[in-house]
Amino acid sequence: MKILAIETSCDDTAISIVEVKGSLKKPVFKVLAHNISSQTKIHEQWGGVVPSLAKREHGKNLIPLLIKSLQDAKLFDIQSRKIRVFQDDKNNKFKKKIEKILDREPELREQFLQAIPTLKIPKIDAIAVTKGPGLEPALWVGINFAKALAQVWDKPLYPINHLEGHILASLATPQKISFPSISLIVSGGHTELVLSKDWLKYKIVGRTRDDAVGEAFDKVARILGLPYPGGPEISKLALQATTKDSPLGTSQGKSLGEGAIKLPRPMLHSGDLDFSFSGIKTAVLYMVQKLKAENKFTDGIKAEIAHDFQNAVIEVIIAKTLTATKKFKAKTIIAGGGVIANSSLREALQKNTEKEGLNLLIPELSYSTDNATMIALAAGFRLLAGKSKKSSSFKAEGNLNLK
Ligand code: KG4
Ligand code: ZN
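All values derive from a computational prediction rather than experimental measurement.

Draft legend 1. Seen up close, the site of ligand 1. With respect to spatial proximity, 17 residues lie near ligand 1, and among them His166, Gly188, Asp218, Gly338 and Asp370 are the closest. Within the contact set of ligand 1, an oxygen atom lies 2.8 Å away from a backbone nitrogen or oxygen of Gly188. Note that an oxygen atom of ligand 1 is positioned 3.4 Å from one of the backbone N or O atoms of Gly189. Taken by itself ligand 1 offers 550 Å² of open surface, and the protein chains cover 88% of this. Take the shell around ligand 1: its biggest share by element is three residues, from helix 8 (residues 213-223). Here the shell around ligand 1 is composed, by residue class, of four nonpolar, eleven polar and two charged. Inspection of the shell around ligand 1 shows a minimum of three residues originating in each of domain 1 (2-167 + 368-385) and domain 2 (177-363).

Written out as structure tokens, the structure is:
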């Protein structure tokens with residue numbers, strides 16, 4: 001079974017095609033196409049994602065990305081005659097239906113009606129698309145595109161939860177999983193610990209009370225004068241710090257070349273599984289204001305702040321994740337979300353879970369930040385489990401929860 005998946009929940013337009021075989025306990029996935037069109041250059045100048053610009057760019061990117069994906073998967077074929085639904089469309093009834101679905105995306109509508117009718121219907125079995133959570137104007141573009149394609153190609157359409165995609169992203173290659181498991185989602189919009197007692201069953205047991213961890217990375221980066229998105233920038237800058245202690249090491253703040261930086265470790269001892277990252281952002285803001293007033297905001301100090309901020313965040317994430325595994329007697333930790341691309345976090349997770357004899361599943365870098373392969377995987381798992389619900393009439397849900 002081949003699944004074509006579409007993801008447009010934030011500022012990356014992504015399309016993947018994944019072949020799914022095997023069973024729920026022994027799934028076999030083959031990624032036939034994995035394409036992402038980044039909008040970083042567009043949003044960078046605004047210091048963050050602008051929803052209306054994201055919507056417009058998704059509309060521009062989807063058709064070229066679809067063609068590239070079909071080519072990668074060797075499913076691309078054009079013909080001189082229009083495909084049957086358009087050939088037989090005497091009064092333009094079908095065309096009008098498609099125009100109505102794409103009514104709000106004028107650029108996509110035009111491209112769609114030019115390209116899709118002469119494209120041979122590809123041999124795929126299903127279409128999956130992110131329904132939420134995310135930015136609604138952005139989500140809608142992917143959803144409307146998926147609905148139009150499903151109509152024209154007469155394929156079943158499956159709405160998918162973006163967070164389930166992040167959780168299942170590390171399962172692209174076969175993995176051993178034992179239940180209960182704890183999933184750690186760390187992204188731009190979410191910081192959650194999720195308990196699973198079985199496949200595709202989720203219960204949120206810890207979450208951020210304010211900012212998501214990726215959001216904190218992005219905001220602290222902005223305070224430090226780094227470009228958007230801040231996560232990768234902070235991690236690059238942290239490498240330049242003269243302090244080389246690793247998270248959970250013992251020497252924080254003791255051997256600094258540029259003066260002692262010691263940020264708070266928020267909620268580390270709160271006794272529950274919740275997080276909070278807005279206080280540490282404010283702490284960095286006050287620290288930077290003070291350093292600037294004293295003319296001490298040097299490049300060296302900036303690197304020290306990035307380093308200690310990253311360590312603080314990682315310490316809290318690791319501590320809470322390990323507490324959750326103990327509390328629920330989990331032996332498997334599944335990590336996912338954009339911040340999992342952070343190499344220090346990956347290393348710290350690997351080291352600390354190994355020490356505790358836990359099985360850590362971590363996605364490949366290209367499946368960590370937003371992508372459509374994870375959406376195809378989620379649809380694949382649901383189809384293998386007989387738990388998929390096809391639908392042609394769902395809405396974008398910006399605040400969709402994981403259930
Ligand atoms: O999952 P994702 O691509 O989009 C959302 O669903 O939000 O996550 C994006 C977030 C951004 O906040 C970005 O700064 C962060 O992931 N991020 C990182 C790194 N790469 C991306 N944070 C820290 N270190 C990184 N290397
Ligand atoms: Zn995401």
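Still more to cover.
Draft legend 2. Region of interest: the pairing of strand 1 (residues 2-7). The buried count for strand 1 comes to five of six residues, which makes it a mostly enclosed element. Connecting the antiparallel pair strand 1 and strand 2 (residues 12-22) is a turn made up of four residues. Direction of pairing for strand 1 relative to strand 4 (residues 126-132): parallel, over a ladder of four bridges. In the sheet register, Ile6 faces strand 4, and the bridge partner there is Val129.

Draft legend 3. Representation of the domain arrangement of the protein chain. If you check the domain split of the protein chain, you get domain 1 (2-167 + 368-385) and domain 2 (177-363). When each unit is reduced to the centre of its C-alpha atoms, the spacing between domain 1 and domain 2 is 32 Å. On the domain 2 side, the residues contacting the 19 residues of domain 1 number 22 residues. Summed over both partners, the interface of domain 1 with domain 2 buries about 1,600 Å², with 70% contributed by carbon and sulfur atoms. Of all residues in domain 1, the largest losses of buried area upon contact with domain 2 belong to His166, Ile167 and Ser368, amounting jointly to 36% of the total for that side. Connecting domain 1 to domain 2 are zero salt bridges. Where domain 1 touches domain 2, the interface holds four residue pairs in polar contact (both at pLDDT 80 or more). Elements supplying a minimum of two residues to the side of domain 1 that touches domain 2: helix 1 (40-44), helix 7 (162-168) and helix 13 (373-384). Considering every element that reaches the side of domain 1 that touches domain 2, the biggest residue donor is helix 7, with four residues. Of the residues assigned to the side of domain 1 that touches domain 2, the class counts are eight nonpolar, six polar and five charged.

Draft legend 4. The arrangement of the packing of aromatic side chains in detail. The full count for this structure, using the stated rule, is seven aromatic pairs. Seen from their ring centres, Phe112 and Phe145 are 6.0 Å apart, and the 90° between their planes marks the pair as edge-to-face. One end of the pair, Phe112, is in helix 5 (residues 106-115); the other, Phe145, is in helix 6 (residues 136-153), and 33 residues separate them in sequence. By the burial criterion, Phe112 is buried, and Phe145 matches it.

Draft legend 5. Structural context of the side chain of Thr191. Turning to its location among the elements, Thr191 is positioned in strand 7 (residues 191-196). Only 2.8 Å separates the side chain of Thr191 from the backbone nitrogen of Val213, close enough to count as a polar contact. With residues up to four places along the chain from it excluded, the contact list for Thr191 reads Ile185, Val186, Gly206, Arg207, Thr208, Ala212, Val213, Phe275 and Phe277.

Draft legend 6. Representation of helix 11 (residues 299-327) within the structure. The first and last C-alpha atoms of helix 11 sit 42 Å apart over 29 residues, in line with the 42 Å expected at 1.5 Å per residue. Burial analysis of helix 11 places 23 of its 29 residues in the buried class, the great majority of the element.

Draft legend 7. Molecular detail of the coordination of the zinc ion (ligand 2). Bound to the zinc ion (ligand 2) are the protein donor atoms His162 (NE2), His166 (NE2) and Asp370 (OD), situated 2.0 to 2.1 Å from the metal. Counting residues between consecutive donors of the zinc ion (ligand 2) along the chain gives the motif H-x3-H-x203-D. Of this pair, His162 sits in helix 7 while Asp370 sits in the loop between strand 10 (359-361) and helix 13, and the two are 208 residues apart along the sequence. Like His162, the residue Asp370 is buried in the burial classification.

Draft legend 8. Fine view of the sheet that holds strand 2. Here we have five strands laid out as an open sheet, ordered 3-2-1-4-5, and mixed in their pairing. Both outer strands of the open sheet, strand 3 (27-38) and strand 5 (157-161), are each paired with one neighbouring strand and no more. Averaged over all pairs of adjacent strands, the angle between strand axes in this sheet comes to 25°, irrespective of strand direction. Of the strand pairs in this sheet, strand 2 and strand 3 are connected by eleven bridges, and their pairing is antiparallel. When the sheet's bridge partners are listed, Lys21 is paired in strand 3 with Val28. Running over the sheet, helix 2 (residues 51-72) touches strand 1, strand 2 and strand 3 and is turned about 35° from strand 2. Packing of helix 6 onto the sheet brings it into contact with strand 1, strand 2, strand 4 and strand 5, and relative to strand 4 it is tilted by some 160°.

Draft legend 9. How the structure looks around the sheet that holds strand 8 (residues 203-207). One open sheet accounts for five strands, arranged 8-7-6-9-10; its pairing is mixed. Each edge of the open sheet is held by one strand with a lone partner, namely strand 8 and strand 10. Ignoring which end each strand starts from, the neighbouring axes of this sheet average 20° apart. Pairing analysis gives six bridges linking strand 6 (residues 181-186) to strand 7, with the strands arranged antiparallel. The partner of Val186 across the bridge, within strand 7, is Thr191. Running over the sheet, helix 11 touches strand 6, strand 7 and strand 9 (332-336) and is turned about 160° from strand 6. Across the sheet, helix 12 (residues 343-355) lies against strand 6, strand 9 and strand 10, angled at about 160° from strand 10, the strand it touches most.

What counts, and at which threshold
Residues numbered from 1 in each chain as written. Chains lettered and ligands numbered in written order. Predicted model: local features only at pLDDT ≥ 70, side-chain atom pairs only at ≥ 80, totals over all residues. Heavy atoms only, no water. Near = heavy atom within 4 Å. Polar contact = N/O pair within 3.5 Å; in protein donor to acceptor, adjacent residues only side chain to side chain. Areas by Shrake-Rupley, 256 points an atom, 1.4 Å probe, with all protein chains shown as cover. Helix = DSSP H or I, 4+ residues; strand = E, 2+ residues; numbered from the N terminus. Nonpolar A, V, L, I, M, F, W, Y, C, P; charged D, E, K, R; others polar. Domains from an automatic or database assignment. Buried < 20%, exposed > 50% of the residue type's maximum accessible area, 1.4 Å probe, protein only. Pairing = 2+ DSSP bridges. Contact = heavy atoms within 4.5 Å. Buried area = accessible area lost by both parts, 1.4 Å probe. Salt bridge = Lys/Arg side-chain N within 4 Å of Asp/Glu carboxyl O. Phe/Tyr/Trp six-rings, centres within 6.5 Å; stacked < 30°, edge-to-face > 60°. Expected span 1.5 Å × (residues − 1). Donors = N, O, S within 2.8 Å, 3.2 Å for Na, K, Ca; no water. Axes fitted to C-alpha atoms, helices over the stretch in contact; angles between N-to-C directions.

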